[in-house]
Amino acid sequence: MMSLSMAYSLYDDTLALMNYTGFASWLFAGTTIAGLIWLRYKKPNLKRPFKVPLVLAVFFALFCFALVIISVFASPRDTGIGIGITLTGIPVYIYGVVWKNKPMWLKRILDAGLKTCQLIFMVVHQEVDTYEAF
């Protein structure tokens, strides 16, 4: 992500970059809230750290999807580029999440990189689970 951010900073047209990534940002925000609404109905007894009022969640999801639809019609070229940028995450997902049986030498390298990043950015795993597994 950092390398992608650095590449973005070299680009002169900031407004175009906002159009490229804004589409994906609102799309993911809307699908996240839609997932929240879906879980509220499918698993009503699931323990949650906090509950969002359902009316607010529905309104926000509709607002997000309206922004996505407007951006598709207002600037289809920028939206297409944004979709392309978003799709570049698929190989990273496959590499990091789907591929379960990585070689041990690769796991050691990845773990060392993770620990280094945690030290540099001062982040650690949370100590207490605040949610229940599905």
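So, here is what we can say about the structure in this document. (Residues numbered from 1 in each chain as written. Predicted model: local features only at pLDDT ≥ 70, side-chain atom pairs only at ≥ 80, totals over all residues. Heavy atoms only, no water.)

**Overview of the overall build of the protein chain**
Within the protein chain, the regular secondary structure consists of 6 helices and 0 strands. Starting at the N terminus and ending at the C terminus, the protein chain contains elements arranged as α-α-α-α-α-α. Looking at the protein chain residue by residue over its 134 residues, the buried ones come to 18%. For the protein chain, restricting intrachain contacts to residue pairs at least 6 apart in sequence, the fraction spanning at least 24 positions comes to 59%. For the protein chain, the computed accessible surface area is about 10800 Å², with 72% contributed by carbon and sulfur atoms. (Helix = DSSP H or I, 4+ residues; strand = E, 2+ residues; numbered from the N terminus. Buried < 20%, exposed > 50% of the residue type's maximum accessible area, 1.4 Å probe, protein only. Contact = heavy atoms within 4.5 Å. Areas by Shrake-Rupley, 256 points an atom, 1.4 Å probe, with all protein chains shown as cover.)

**Description of the pattern of salt bridges**
For the structure shown, the criterion picks out 1 salt bridge. In this structure, the salt-bridge partner of Asp 78 is Arg 77, at a minimum N-O distance of 3.7 Å. By relative accessible area, Asp 78 is classed as buried at 12%. (Salt bridge = Lys/Arg side-chain N within 4 Å of Asp/Glu carboxyl O.)

**Here's the deal with the packing of aromatic side chains**
Across all of its chains, the model carries 3 aromatic pairs by this definition. With a centroid separation of 5.9 Å and an interplanar angle of 90°, the aromatic rings of Trp 26 and Phe 63 are classed as edge-to-face. You can see Trp 26 sitting in helix α2 (residues 14-42) and its partner Phe 63 sitting in helix α3 (residues 54-74), a full 37 residues away along the chain. A ring pair is formed by Tyr 95 and Trp 99, whose centres lie 5.8 Å apart and whose planes are at 50°; its orientation type is tilted. One aromatic cluster is present, formed by Trp 26, Phe 60 and Phe 63 through successive ring pairs. (Phe/Tyr/Trp six-rings, centres within 6.5 Å; stacked < 30°, edge-to-face > 60°.)

**Brief notes about the packing of helix α4 (residues 76-87) against helix α5 (residues 89-98)**
Helix packing for two helices is described by the angle between their axes and how far apart those axes are. At a closest axis distance of 5 Å, the pairing of α4 and α5 adopts a crossing angle of 15°. Considered as vectors, α4 and α5 are oriented roughly parallel to each other. Contact residues: Ile 85, Thr 86 and Leu 87 in α4; Gly 89, Ile 90 and Pro 91 in α5. For the contact of α4 with α5, the residue count by class is 4 nonpolar, 2 polar and no charged. (Axes fitted to C-alpha atoms, helices over the stretch in contact; angles between N-to-C directions. Parallel < 35°, antiparallel > 145°, perpendicular 65-115°, else oblique. Nonpolar A, V, L, I, M, F, W, Y, C, P; charged D, E, K, R; others polar.)

**Considering the side chain of Thr 79**
Here Thr 79 lies in helix α4. At 2.9 Å, the side chain of Thr 79 and the backbone oxygen of Ser 71 are in polar contact. Ignoring sequence-local partners within four residues, the contact set of Thr 79 consists of Phe 23, Ser 71 and Val 72. (Polar contact = N/O pair within 3.5 Å; in protein donor to acceptor, adjacent residues only side chain to side chain.)

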